[in-house]
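Close look at the chain arrangement
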Amino acid sequence: QVQLAESGGGLVQAGGSLRLSCAASGLTFSTYTMGWFRQAPGKEREFVGGITSGGGTTSYADSVKGRFTVSRDNAKNTVSLQMNSLKPEDTAVYYCAARRMGFAIPRIRAGWDYWGQGTQVTVSS
């Protein structure tokens, strides 16, 4: 059974940083593309960033490019999201996602096979 468990969320002031982690189990982690999405209250879940199975390619939403970094450790079955220069509009529940096949990093929910339960990030102004 595939499980994705996010951690590292919390409350931070605008301009601050947080690092989210996602621990994966029940899958051959090194063969999966991994991604991060977020969902603010009353809004659709949106793509934040992703990384291919070997870590060679990353992709980011324009809203976070230059501020957020996705990385992975295939030896530890973890993927991380380093968030810097946080803004109040980054407030959301952040979800880890896994995709079984291919080298694409889809920006839509339907492109992903497994999801974590999410972790809350709140950025105060």
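Here the structure is shown first, and the text comes after it.
1. Side note on the state of the cysteines
Counting across every chain of the model gives one disulfide. Here C22 connects covalently by a disulfide to C96, the sulfurs 2.1 Å from one another. Handedness of the C22-C96 disulfide follows from its S-S torsion of about -80°: it is left-handed. One end of the pair, C22, is in strand β3 (residues 18–25); the other, C96, is in strand β9 (residues 92–99), and 74 residues separate them in sequence. The exposure class assigned to C22 is buried, which follows from its relative accessible area of 1%. Overall, the relative accessible area of 0% leaves C96 in the buried class.

2. Some details on the side chain of D90
Mapping D90 onto the fold places it in the loop between β8 (78–83) and β9. A polar contact is formed between the side chain of D90 and the side chain of R67, at a distance of 2.8 Å. Sequence-distant contacts of D90, defined by excluding residues within four places in its chain, comprise R38, R67, F68, S85, V121 and V123.

3. Remarks on the sheet that holds β3
The four strands lie next to each other as β1-β3-β8-β7, forming an open sheet whose pairing is antiparallel. Looking along the sheet, the strands with just one partner apiece sit at the ends: β1 (3–7) and β7 (68–73). Here the average twist between neighbouring strands, direction ignored, is 15°. Pairing between β1 and β3: five bridges, direction antiparallel. Following the sheet pairing, Q3 is matched in β3 by S25.

Reading the values: the criteria
Residues numbered from 1 in each chain as written. Predicted model: local features only at pLDDT ≥ 70, side-chain atom pairs only at ≥ 80, totals over all residues. Heavy atoms only, no water. Disulfide = S-S within 2.5 Å. Helix = DSSP H or I, 4+ residues; strand = E, 2+ residues; numbered from the N terminus. Buried < 20%, exposed > 50% of the residue type's maximum accessible area, 1.4 Å probe, protein only. Polar contact = N/O pair within 3.5 Å; in protein donor to acceptor, adjacent residues only side chain to side chain. Contact = heavy atoms within 4.5 Å. Pairing = 2+ DSSP bridges. Axes fitted to C-alpha atoms, helices over the stretch in contact; angles between N-to-C directions.

So, to be careful, I would describe these as geometric facts and stop short of saying anything about function.
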